[in-house]
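# Remarks on the overall topology
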Amino acid sequence: MKKVLFAVLALAAVACNKAEIVEQTPADAIVFDNAFVDNATKAAYDGSYNTGNLEAFEVYATISRDGNTANIFNKELVKKGNSLGQGVNWSYDANHTQYWVPGNTYKFRAVADGNVDNVSEVVALEADKYMATSINLLDASAQKDILVAEETVMYVSGAHTVKFTFEHILAKVKFTIKNTIATNNGYSYKVSNISMNGIAKNGVYTFGTGWTSVAVPATYDLSFGNAVATGTATGAEATNIPYNSSMESNYDRLLIPTTETFNITFDYQLLKDGIVIDTKTGEDITASNLELEPGHAYNFIFSLGNPGDPIQFDVLTVTDWDENHTGYNPGINM
């Protein structure tokens, strides 16, 4: 069985960490607006955020001047719409309203983690005046995207809203399976049960540093489903992959981008004119020396080629005519 090509493609999200000088009239309330998710790719079947489906995030913020720093937001819930009272497009609890004060520097960090209990925990240290310092991801198998954003405002005066551009801190992976047989000779493949094995289940992401504390993580097997045609519903039976074509996995999956060697398994059927003539369970590929990065989407491509050596023909010899054979005498007399 040929598995010649095993390639990795990456699309990078653009990082954003801004420092602005803004103008604001004294004693105006701090409000949030225009939360944007920097998406490099869009997948049909994954658990990731985009600008349209982001509904809430939590904010940590400090105010500083002349070496003195105080907390102004600590895990403050900000929701889309004006339901919480302070703000219009995005709002937070009006009872927790904070204000712009001239001559101060404001540092904001925001986290969106799917709002799933026991999935992730944001750690804020007293020494940092409750500024978020790290995210402790307890169970990556929940397949919930995690976003972070930072904004630093050196405040002078004038109108301003805090505008976040969120970045993904997980990586996203999918599979493309190619049938590289180039001629229409009736051979096709079906690939199912694609799995990436030994993926990190837990880890710690630290602002400014990245992922750490995953040297001996809990692990699990990450299922990508079957190779299916674009737009096929999840859970569908593997689609027949004809010659010189490709299919993608059911799912794009989210994972902690820390492991450099992956073990990948899948099942396949080889068909001739729609009839199964060969099967393989647990076909194994090891991809090594791959360093996945946060916010990148990867397409793992593997190719299934000719199923074996081609059938060929040759002429060994042609038997000579036997010209001396005495044949049947029909007994006809003239």
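The notes below deal with the structure included here. Position numbers for residues start from 1 in each chain and track the written sequence from start to end. Residue-level local features of this predicted model are given only where pLDDT is at least 70; pairs of side-chain atoms are given and counted only at 80 or more, and the full residue set underlies all totals for whole chains, interfaces and linings. By convention in this description, side-chain values take in all heavy atoms of the structure and omit both hydrogens and water.

## Considering the overall build of the protein chain
How we decide: The helix and strand labels rest on DSSP assignments: H or I over at least four residues marks a helix, E over at least two residues marks a strand, and numbering proceeds from the N terminus. Burial classification: accessible surface area is computed with a 1.4 Å probe over protein chains only, and a residue below 20% of its type maximum counts as buried, one above 50% as exposed, and the rest as partly exposed. Contacts: residue pairs with any heavy atoms within 4.5 Å of one another. To measure how exposed things are, a 1.4 Å probe is used in the Shrake-Rupley method; for residues, cover is taken only from the protein chains shown.
Regarding its fold elements, the protein chain presents 0 helices and 23 strands. Taking all 334 residues of the protein chain together, 43% fall into the buried category. Here the analysis covers contacts within the protein chain between residues at least 6 apart in sequence; of these, 70% occur between residues at least 24 apart. Accessible area for the protein chain stands at about 17,600 Å²; split by element, carbon and sulfur atoms hold 48% of it.

## Focus on the packing of aromatic side chains
The following threshold applies: Here is the rule: rings of Phe, Tyr and Trp (six-membered ring for Trp) pair when centre to centre is within 6.5 Å. Planes less than 30 degrees apart are stacked, more than 60 are edge-to-face, and the remainder are tilted. A ring is considered to have a charge above it if a Lys NZ or an Arg CZ atom is located within 6 Å of its centre and within 35 degrees of its normal.
Under the criterion given, the structure shown has 18 aromatic pairs. Between Trp100 and Tyr106, the aromatic rings sit 4.8 Å apart at their centres with planes inclined by 65 degrees, giving edge-to-face as the arrangement. By way of ring pairs, the aromatic residues Phe175, Tyr189, Phe224, Phe266, Tyr268, Phe300 and Phe302 are connected into one cluster. Sitting over the face of the ring of Tyr251, Arg253 holds its NZ or CZ atom 4.1 Å from the ring centroid. Above the plane of the ring of Tyr187 lies Lys272, whose end atom (NZ or CZ) is 5.7 Å from the centre.

## Focus: the sheet that holds strand 22 (residues 275-287)
We apply this condition: Strand pairing is assigned whenever DSSP identifies at least 2 bridges connecting the two strands. Note on definitions: angles span 0 to 180 degrees between N-to-C directions of axes, and those axes are lines fitted to C-alpha atoms, for helices only across the stretch in contact.
Taken in spatial order, the 4 strands of this open sheet run 17-14-21-22, and their pairing is antiparallel. Pairing within the sheet leaves two strands with one partner each, and these edge strands are strand 17 (219-225) and strand 22. Each strand axis lies, on average, 20 degrees off the axis of its neighbour in the sheet, ignoring direction. Pairing geometry for strand 14 (residues 187-200) and strand 21 (residues 262-272), over 9 bridges, is antiparallel. Of the residues in strand 21, the one forming a bridge with Tyr187 is Lys272.

## Looking at the pairing of strand 14
In terms of burial, strand 14 is a largely internal element, 10 of the 14 residues being buried. With 5 bridges connecting them, strand 14 and strand 17 associate as antiparallel partners. Across the sheet, Ser195 pairs through a bridge with Ser223, a residue of strand 17.

## Let's talk about the nonpolar core
Note the cut-off: Joining through side-chain atoms within 4.5 Å is the link that ties buried Ala, Val, Leu, Ile, Met, Phe, Trp, Tyr and Cys residues into a set, and such a set is a nonpolar core.
Grouped together as the largest cluster of nonpolar side chains are 48 residues, with contacts concentrated most on Phe175, Val191 and Met196. For this core, the elements supplying multiple residues, two or more each, are strand 10 (132-137), strand 13 (171-179), strand 14, strand 17, strand 20 (253-255), strand 21, strand 22 and strand 23 (296-304). Broken down by element, the residue count for this core peaks at 6 residues, all from strand 14. Not counting residues up to four positions away in its chain, the partners in contact with Met196 are Val173, Phe175, Tyr220, Asp221, Leu222, Phe224, Leu255, Phe262, Asn263, Ile264 and Phe300.

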